[in-house]
Amino acid sequence: MKRLLRPLALGAVAALALSSPGTAGPDKIQYPANWKDHVQYLIVDRHDVKQYRELYASSQAAVDAMKAGRPLPDGTVLTLVQYKAQVDAAGVPVKDAKGRFVKGDLIAHAVMQKKAGFGAEYPPELRNGDWEYAVFGPDTKLNEKANYKACFECHKPHEKLDYVISLAAVRGVAMGSMTAPKPDVTIANFTFGPNKHAATVGQPVTWVNNDDSPHQITVLSTKERSAIITKGQSAVLPFNTAGTYEYICGLHPNMKGTVEVK
Ligand code: HEC
Ligand SMILES: [Cu+2]
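Everything numeric here is computed off the predicted structure, so don't read it as measured data.

Draft legend 1. Fine view of the pairing of strand β4 (residues 103-114). Here eight bridges tie strand β3 (residues 77-85) to β4, and the two strands are oriented antiparallel to one another. Across the sheet, the residue bridging to A85 is K103, located in β4. Examined bridge by bridge, β4 and strand β5 (residues 131-136) share six bridges and lie antiparallel to one another. Following the sheet pairing, A110 is matched in β5 by V135.

Draft legend 2. Fine view of the coordination of the copper ion (ligand 2). Summarising the metal site, the copper ion (ligand 2) is bound by the protein donors H215 (ND1), C249 (SG) and H252 (ND1), whose distances to it range over 1.9 to 2.1 Å. The motif formed by the donor residues of the copper ion (ligand 2), counted along the single chain, is H-x33-C-x2-H. Pair noted here: H215 is in the loop between β9 (205-209) and β10 (217-219) and C249 is in strand β12 (residues 243-249), with a separation of 34 residues, a long-range link. With relative accessibility at 0%, the residue C249 sits in the buried group.

Draft legend 3. Layout of the packing of aromatic side chains. One pass over the full model with this rule turns up nine aromatic pairs. Pairing Y133 with F152 gives two aromatic rings, centres 4.9 Å apart and planes at 70°, and the pair type is edge-to-face. Taken together, the positions of Y133 in strand β5 and F152 in helix α3 (residues 148-155) put the pair 19 residues apart, joining distant regions of the chain. Each member of the pair, Y133 together with F152, is buried. Taken together through their ring pairs, the aromatic side chains of F192, W207, F239, Y245 and Y247 make up a single cluster.

Parameters at a glance
- Residues numbered from 1 in each chain as written.
- Chains lettered and ligands numbered in written order.
- Predicted model: local features only at pLDDT ≥ 70, side-chain atom pairs only at ≥ 80, totals over all residues.
- Heavy atoms only, no water.
- Pairing = 2+ DSSP bridges.
- Helix = DSSP H or I, 4+ residues; strand = E, 2+ residues; numbered from the N terminus.
- Donors = N, O, S within 2.8 Å, 3.2 Å for Na, K, Ca; no water.
- Buried < 20%, exposed > 50% of the residue type's maximum accessible area, 1.4 Å probe, protein only.
- Phe/Tyr/Trp six-rings, centres within 6.5 Å; stacked < 30°, edge-to-face > 60°.

Honestly, it's all geometry; don't read function into it.
Written as C-alpha cells, this is what we have:
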C-alpha cells in the first residue's frame, strides 16, 4: 500500500523492523470490531458536512481523563462513527423532537489509537504524540486512500487536548456553560453572523458560539488561533492593524468569515 511517509531508506526500515512491528501508517490500527461495546461519549451534528456522528472511547478511564482534561491512557482507541444526516426533499437535514440530526447511512469509522511508540517515526512538525490514525469503510476495510497527512495536520494544533478535539466539548459540558459577553459575531449552525464584521483598529473582536459543536477562530494571514470555544463560550482576538482579515474555523475549515479593520 501507499504509505503516509517514506522518510526511511530500505536499510533503515529493516533495522527498525527489529524493534517495531512496522513503519508509521494506518495499518498499525485494527478495525475496532467491538466499537458498539465502547463508551459513547458524544454525539455531534455536523451542519457543514450534513453528517451525524457518534463518538466512542474504548474505556471509561479514557472518558474520565477527557472530563478531567488529562492525557488519555495508553492503548486508548477513539472511534468516530460517521453517518449521513437524513435530509428532506430540499437537502436540508431533518431534525428529531430534540432538534438533533437523524442518523442515515453509515459512511465510515474514523479511528485514532494511542500507543507508546506509535508516532516515533513521524517528523516533529507532524507527530501527534503517540497517536496513529485510520479510516475504515462501511465494509470495515481500511481505507488506504484517505488523506492521512490531513488527520495529523488538523489534530496537531490541539496538542494541549492530547490531540483529541472533542475533548473540548466533553470538558465544556462537564464544566457547565459560561456567560458570554455581547458578541460582535455569533456562530450558529456552523455560520458566522455577520459574515463580514466591521471593526475598529485596536478594538478586539468577540465571537460567541451558539452551536452544540465547538468552534475555533483561525485568522488566515496571521495564523492566529483562538481557544476552542464550546456552546455559550466566547473567543476574543485583538486587531491592531487596519486591513481585511479572512478567517476560518480551525475545526471546520469550510466555515469562513471576514473582519474589516479600519
Ligand atoms: C479539517 C480538520 C480535521 C481533519 C482533516 C481530521 N479531523 Fe478528526 N476531528 C476533527 C474535528 C473538528 C473533530 C471533533 C468531532 C467533530 O466535529 O466531528 C474530530 C474528531 C476526531 C475523532 C474523535 C476524537 C477526537 O479527536 O475528538 C477521531 C477518531 C478522528 N477525528 C479521526 C480522524 C482521522 C482518522 C482523520 C484523517 C483521515 C481525521 N480525523 C482528520 C477535525 C479533523
Ligand atoms: Cu467550527
